[in-house]
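# Results of the structural survey
Spelled out from the first residue to the last, the chains are:
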Amino acid sequence: MAQLPSTRQALATGLWYDNAIFRQVLGICSALAVTNLMRNTLVMAAGVIYAASMSSLTMSLLRDATPRRIRIMVEILIIAFYVVILHLFLKAFLPEVSRDLGPYVGLIITNCILQGRLEAFAINNKPWPSFLDGLGSGAGYAAALIAIALVREPLGFGTLLGYPVMGAGWTRWTLMVMPAGAFFVLALLVWGCRYLSEPPQEGKR
Amino acid sequence: MRDRVYTIVYMTVLCAAATLLMTGAKLALSDRVTENETLRTNRARLAGLDLHPTGTGAREVNEMYEKRVRRETRNGREVYVAYEDDGKTVHAIGVFFSGKGFWGPIRGMISTDPQGREIRGIVFSDHVETPGLGGRIGEGWFTAQFRGKSAAGEGAGLAFLPEGAPANGPQEVNAISGATRTSESARTIVNQALRDLRAALAAPAGRN
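Please read all numbers here as calculations on a predicted model, not as lab measurements. (Residues numbered from 1 in each chain as written. Chains lettered and ligands numbered in written order. Predicted model: local features only at pLDDT ≥ 70, side-chain atom pairs only at ≥ 80, totals over all residues. Heavy atoms only, no water.)

## Quick look at helix 6 (residues 112–120) of chain A
All names here are of chain A. What counts is decided by this rule: Residue burial is assigned from relative accessible area. The probe radius is 1.4 Å, only protein chains are included, and a residue is buried under 20% of its type maximum, exposed over 50%, and partly exposed in between. Helix numbering and strand numbering both begin at the N terminus, where a helix is a DSSP run of H or I of at least 4 residues and a strand a DSSP run of E of at least 2. The arc in question is the one traced by the directions running from the helix axis out to the C-beta atoms. We call two residues in contact when some of their heavy atoms are within 4.5 Å. For the purposes of these results, a polar contact is taken to be a pair of N or O atoms within 3.5 Å, where, inside protein, one atom must be able to donate a hydrogen and its partner to accept one; residues adjacent in sequence count only when each atom of the pair is a side-chain atom.
Ile-113, Leu-114, Arg-117 and Leu-118 are the residues of helix 6 that are buried. Taken down its axis, helix 6 places every buried residue within 130° of arc, on the same side. Those residues of helix 6 that are buried lie in contact with helix 3 (38–61), helix 4 (71–93) and helix 7 (127–157). Capping of helix 6 at its N-terminal end is provided by Asn-111; its side-chain oxygen lies 2.9 Å from the backbone amide nitrogen of Ile-113.

## Comments concerning the confidence of the model for chain A
So the rule is basically this: Confidence per residue, as judged by the predictor, is encoded in pLDDT with a range of 0 to 100.
With 94% of its residues at a pLDDT of at least 70, chain A reaches an overall mean of 87. Looking across chain A, the model is least confident in helix 9 (residues 179–204) of chain A, with a mean pLDDT of 79, and most confident in helix 4 of chain A, with 95.

## Remarks on a nonpolar patch on the surface
Heads up, the rule is: Like-charged residues within 9 Å of one another, or nonpolar side chains (Val, Leu, Ile, Met, Phe, Trp, Tyr) within 5 Å, are grouped into patches, provided each residue has over 30% relative accessible area and no salt bridge. Shrake-Rupley sampling with a 1.4 Å probe provides the accessible areas, and residues are treated as covered by the protein chains on show and by no other component. The salt bridge criterion pairs a side-chain nitrogen of Lys or Arg with a carboxyl oxygen of Asp or Glu, the two atoms within 4 Å.
A surface patch of nonpolar side chains, about 570 Å² in accessible area, is lined by Leu-188, Trp-191, Tyr-195 and Leu-196 of chain A. With respect to the secondary-structure elements, Tyr-195 of chain A resides in helix 9.

## A word on the environment of Met-178 of chain A
Secondary-structure assignment places Met-178 of chain A in the loop between helix 8 (174–177) and helix 9. Exposure remark for Met-178 of chain A: the relative accessible area of 25% places this residue in the partly exposed category. Taking the C-alpha atoms as reference, Met-178 of chain A lies 9.9 Å from Thr-35 of chain A; in sequence the two are 143 residues apart. Look past the residues within four positions of Met-178 of chain A in its chain and what remains in contact with it is Arg-152 of chain A together with Thr-130 and Leu-133 of chain B.

## Topic: the packing of helix 1 (residues 2–48) of chain B against helix 2 (residues 58–68) of chain B
Residues and elements named next belong to chain B. Quick note on the threshold: With axes taken as lines fitted to C-alpha atoms, and helix axes fitted only over the stretch in contact, angles between N-to-C directions fall between 0 and 180 degrees. By definition in this entry, angles of less than 35 degrees are roughly parallel, angles greater than 145 are roughly antiparallel, angles of 65 to 115 are roughly perpendicular, and the rest are oblique. Note on convention: near helix rotated counterclockwise from far helix by under a right angle means a left-handed crossing. Clockwise means right-handed. Gly counts as polar in this scheme, as do all residues outside two lists: the nonpolar Ala, Val, Leu, Ile, Met, Phe, Trp, Tyr, Cys and Pro, and the charged Asp, Glu, Lys and Arg.
Close contact between helix 1 and helix 2 brings their axes to 9 Å; oriented N to C, the two are set at 60°. Of the possible angle classes, the one that applies to helix 1 and helix 2 is oblique. In this structure, helix 1 meets helix 2 at a crossing whose hand is left-handed. Within the contact between the two elements, helix 1 uses Thr-38, Leu-39, Asn-42, Arg-43, Arg-45 and Leu-46 and helix 2 uses Ala-58, Val-61, Asn-62, Met-64 and Tyr-65. When its residues are assigned to classes, the contact of helix 1 with helix 2 shows 6 nonpolar, 3 polar and 2 charged.

## Section: the pairing of strand 4 (residues 105–112) of chain B
In summary, the side chains of a regular strand alternate between the two faces of the sheet. Residue and element names in this part refer to chain B. Short version of the rule: Two strands are said to pair when DSSP picks up at least two bridges between them.
Strand 4 sits mainly inside the fold: 6 of its 8 residues count as buried. The pairing of strand 3 (residues 90–100) with strand 4 spans 8 bridges and is classified as antiparallel. If you follow Ile-93 over to strand 4, its bridge partner there is Thr-112. Following strand 3, the chain reverses through 4 residues before pairing antiparallel with strand 4. In this structure, strand 4 lies alongside strand 5 (residues 119–126), joined through 6 bridges in antiparallel fashion. Bridged to Gly-108 within strand 5 is Phe-124.

## Looking at the nonpolar core
Basically, it comes down to this: The set of buried Ala, Val, Leu, Ile, Met, Phe, Trp, Tyr and Cys residues whose side-chain atoms join them within 4.5 Å is what this entry labels a nonpolar core.
Ranked by size, the top nonpolar core spans 48 residues in total, and within it Ile-21, Met-44, Val-74, Leu-101, Ile-108 and Leu-114 of chain A carry the most contacts. For this core, the secondary structure elements donating two or more residues are helix 2 (28–33), helix 3, helix 4, helix 5 (95–101), helix 6, helix 7 and helix 9 of chain A together with helix 1 of chain B. Counting residues per element, this core draws most heavily on helix 4 of chain A, at 9 residues. The residues touching Ile-108 of chain A, leaving out its near neighbours within four places in the chain, are Met-44, Gly-47, Val-48, Ala-51, Ile-79, Val-83, Leu-86 and Leu-114 of chain A. In this structure, Val-90, Ile-119, Leu-133 and Ala-175 of chain B belong to the second largest nonpolar core, which totals 31 residues.

## Concerning the pattern of salt bridges
Considering all chains together, one arrives at 14 salt bridges over all chains under this definition. Among the ionic pairs, Arg-39 of chain A bridges to Asp-100 of chain A, the shortest N-O distance being 2.9 Å. In this pair, Arg-39 of chain A sits in helix 3 while Asp-100 of chain A sits in helix 5, placing the two residues 61 residues apart along the sequence. Here Arg-136 of chain B ties to Glu-163 of chain B by a salt bridge, and the two come within 3.1 Å at their closest N and O atoms. Within this pair, whereas Arg-136 of chain B is found in the loop between strand 5 and helix 3 (140–144), its partner Glu-163 of chain B is found in the loop between strand 6 (159–161) and strand 7 (172–174), the two being separated by 27 residues in sequence. For Glu-163 of chain B, a relative accessible area of 30% translates into the label partly exposed. One connected set of salt bridges, linked through shared partners, spans Arg-39, Glu-96 and Asp-100 of chain A.

## Quick look at unusual backbone geometry
Residues and elements named next belong to chain A. Of note, the phi angle at Leu-161 is positive, near 55°, even though the residue is not glycine. Considering the arrangement of structural elements, one finds Leu-161 in the loop between strand 1 (159–160) and strand 2 (163–164). A relative accessible area of 46% means that Leu-161 is categorised as partly exposed.

## Structural notes on the sheet that holds strand 4 of chain B
Residues and elements named next belong to chain B. Strand order in the open sheet made by the 5 strands is 1-2-3-4-5, with antiparallel pairing throughout. Among the strands making up the open sheet, the edge pair consists of strand 1 (69–74) and strand 5. Each adjacent strand pair in this sheet contributes to an overall mean axis angle of 30°, direction not counted. Contacts between helix 2 and the sheet are confined to strand 1 and strand 2 (77–83), with strand 1 contributing the most and set at about 35° to the helix. In the packing of helix 4 (residues 180–202) onto the sheet, contacts are made with strand 1, strand 2, strand 3, strand 4 and strand 5, and the angle to strand 3 comes to roughly 135°.

If you want it as structure tokens, here you go:
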């Protein structure tokens, strides 16, 4: 806990070694819900990166002033604050995406990744490393979501970011549009990433 | 004791600060949010009334709506009347509709010519159907096929044929494949809306 990770380490941890989605299997609900269109996925991913890094930073700044026994309340308050701001921003500047994402922006508040990082890292560490930790976790979540959307949108709609990519005669895979499709893609992603990362990890530990 | 007082004061201050900032952000953005809502509503109503602004910009849409659309009462029913450029000739008369979809309510507007003979425009502006399946009721190809179809409601009214089948009859449109329940809901809602619209236009009063 005491040693400070370098910028690169913090990001690599979040993106790969402790990736929230395929390592810790957190934040799955939204990963299933918003990944059938790349546009919504990108906005959601950016939103989580922002909320995770800013709330980690804020929690870290307040860590010495916050009494331990009310820390959970404070964590929720901080996360909720940033998410509400994000929600307002989307409603004002990206109304269509905001309508598409529906309740899922608000549900970032209950995203286990965010509170997990505040509780596990930001509350005991200095602001800059905490910010990077949140940024890395958010980026890991974002990368996993984008990977899932990269499969679901082309197979489900025949498009990517709305542009046709599968040719005119493409038969849409209805399953990929439905949340159930995300389970399959997610499972394959978890399997693939663990297969790639596990052998060297076992040697080290 | 001091600990407890500190805890309460700390949480109160934190909550107050967060509330203040959120309220500030909400107030600062509320005009924009309202504008977005108005634009969305106006755009949807224009589409439902078969009026097509030259651009998609807020000004074109809102100006056209202000100039060409009026809310009127026919037979005690609220209707939206779209006028031609001259401001006198009626282009289309529409009503709001709403009904049960597969996942939740479906709302929108449908319009016919002033005599209620054929459909002019339709829009499904609010729904929570599955994106890519039932959600396609919001797409242009689906709504465009209603234009020119009979609004007379003979027999069972509009019939929905399987997607891809030729739907050339005056009361035939294509359903959405993979979204049977949404299509059925849409058919029920549209036929009911046409009944409402005919009732509004039927009596001699208010004709022009």
